[in-house]
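Notes for the structure review
One letter stands for each residue in the lines below.
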Amino acid sequence: MLIILAFIILFHLAAAILLFVATIHNAWWVVSPAGRDVIYTDLWYSCNATCYPVENSHTADAAYLQAVQATMILATILCCVSFFVFILQLFRLQQGERFIFTAIIQLLASLCVMIAASIYTAQRKSFHVASLQEGSYGSSYVLAWISFPMTLISGLMYLVLRKRK
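Note that this is a predicted model, so its numbers are computed, not measured. (Residues numbered from 1 in each chain as written. Predicted model: local features only at pLDDT ≥ 70, side-chain atom pairs only at ≥ 80, totals over all residues. Heavy atoms only, no water.)

1. Regarding the sheet that holds strand 5 (residues 136-137)
The sheet built from five strands is open, its strands ordered 4-3-2-1-5 with antiparallel pairing. What marks the edges here is a single partner per strand, and that holds for strand 4 (51-53) and strand 5. Inspection of the sheet shows strand 3 (residues 45-47) paired to strand 4 by three bridges, in the antiparallel sense. Bridge pairing in strand 4 links S46 to Y52. (Pairing = 2+ DSSP bridges. Helix = DSSP H or I, 4+ residues; strand = E, 2+ residues; numbered from the N terminus.)

Written out as structure tokens, the structure is:
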């Protein structure tokens with residue numbers, strides 16, 4: 001039982017770390033123009049040697065970029081909150097009860113990640129300037145998609161899990 005508990009905690013922490021890295025790291029979109037420095041674009045900045053804010057990210061035309069920013073931050077917060085709720089429920093639940101509240105919060109985090117990555121996938125061409133259009137998805141984008149099934153699986157594990165001695 002202790003091994004299963006350790007696995008669940010490590011799996012949850014791994015999902016949270018992936019969410020933090022995907023949200024903070026500046027590699028959602030990567031452009032390597034011939035003869036120039038590689039340009040990394042995240043949800044807030046475009047960087048090569050120096051960083052510049054994503055053009056028009058503060059306008060109503062880029063509401064979908066703001067939605068991606070908000071849902072990724074919300075997913076990270078929900079994942080951390082669900083971990084603390086899980087630790088609390090470990091000590092507060094009666095024997096045989098399920099971790100339903102933790103599962104709901106973790107499944108909401110999973111939903112937020114899926115929404116953010118889906119919006120970014122659908123709208124990526126519309127918020128990059130013309131010089132950044134010919135790029136590819138970066139490591140942070142991939143980490144966001146990897147964290148989606150991880151948070152989903154951990155949320156489902158919490159639904160099935162019962163507290164034992």
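2. Concerning the nonpolar core
Membership of the largest hydrophobic core comes to 26 residues, with the highest contact counts inside it found for L19, W28, L43, V68, M72 and Y120. Contributing elements (two or more residues each) for this core: helix 1 (2-24), strand 1 (29-31), helix 2 (63-92), helix 3 (100-127) and helix 4 (139-160). If you tally residues by element for this core, the top one is helix 2, at seven residues. The contacts of W28, once residues within four sequence positions are left out, are A22, T41, D42, L43, M72, Y120, S136, Y137, G138, S140, Y141 and A144. (Core = buried A, V, L, I, M, F, W, Y, C linked by side-chain atoms within 4.5 Å. Buried < 20%, exposed > 50% of the residue type's maximum accessible area, 1.4 Å probe, protein only. Contact = heavy atoms within 4.5 Å.)

3. Quick look at the packing of aromatic side chains
Between two aromatic rings, the relevant description is the distance of the centres plus the angle of the planes. Scanning the model with the defined rule gives nine aromatic pairs in all. Ring centres 6.1 Å apart and planes at 90° place the aromatic pair W145 and F148 in the edge-to-face group. Here the residue W145 and the residue F148 both occupy positions in helix 4, the gap between them amounting to three residues, near one helical turn. For W145, a relative accessible area of 30% puts it in the partly exposed group. On the basis of relative accessible area, F148 is assigned to the buried category, the value being 19%. Three or more aromatic residues joined by ring pairs form one cluster here, namely W28, Y120, Y137 and Y141. (Phe/Tyr/Trp six-rings, centres within 6.5 Å; stacked < 30°, edge-to-face > 60°.)

4. Quick notes on the side chain of Q69
Tracing the backbone shows Q69 in helix 2. Take Q69: its relative accessible area is 13%, and that puts it in the buried class. Excluding residues within four positions of it along the chain, Q69 makes contact with L43 and W44.

5. Notes on the packing of helix 1 against helix 4
Taken N-terminus to C-terminus, the directions of helix 1 and helix 4 make an angle of 150°; their axes are 8 Å apart at the nearest point. Considered as vectors, helix 1 and helix 4 are oriented roughly antiparallel to each other. For the crossing formed where helix 1 meets helix 4, the hand is left-handed. Between helix 1, through F7, I8, F11, H12, A14, A15, L18, L19, V21 and A22, and helix 4, the contact on the second element is made entirely by S140, L143, A144, I146, S147, M150, T151, I153, S154, M157 and Y158. (Axes fitted to C-alpha atoms, helices over the stretch in contact; angles between N-to-C directions. Parallel < 35°, antiparallel > 145°, perpendicular 65-115°, else oblique. Left-handed = near helix turned anticlockwise from the far one by under 90°.)

6. A short note on the environment of I87
Along the chain, I87 turns up in helix 2. In this structure, the C-alpha to C-alpha distance between I87 and I9, residues 78 residues apart in sequence, is 9.2 Å.

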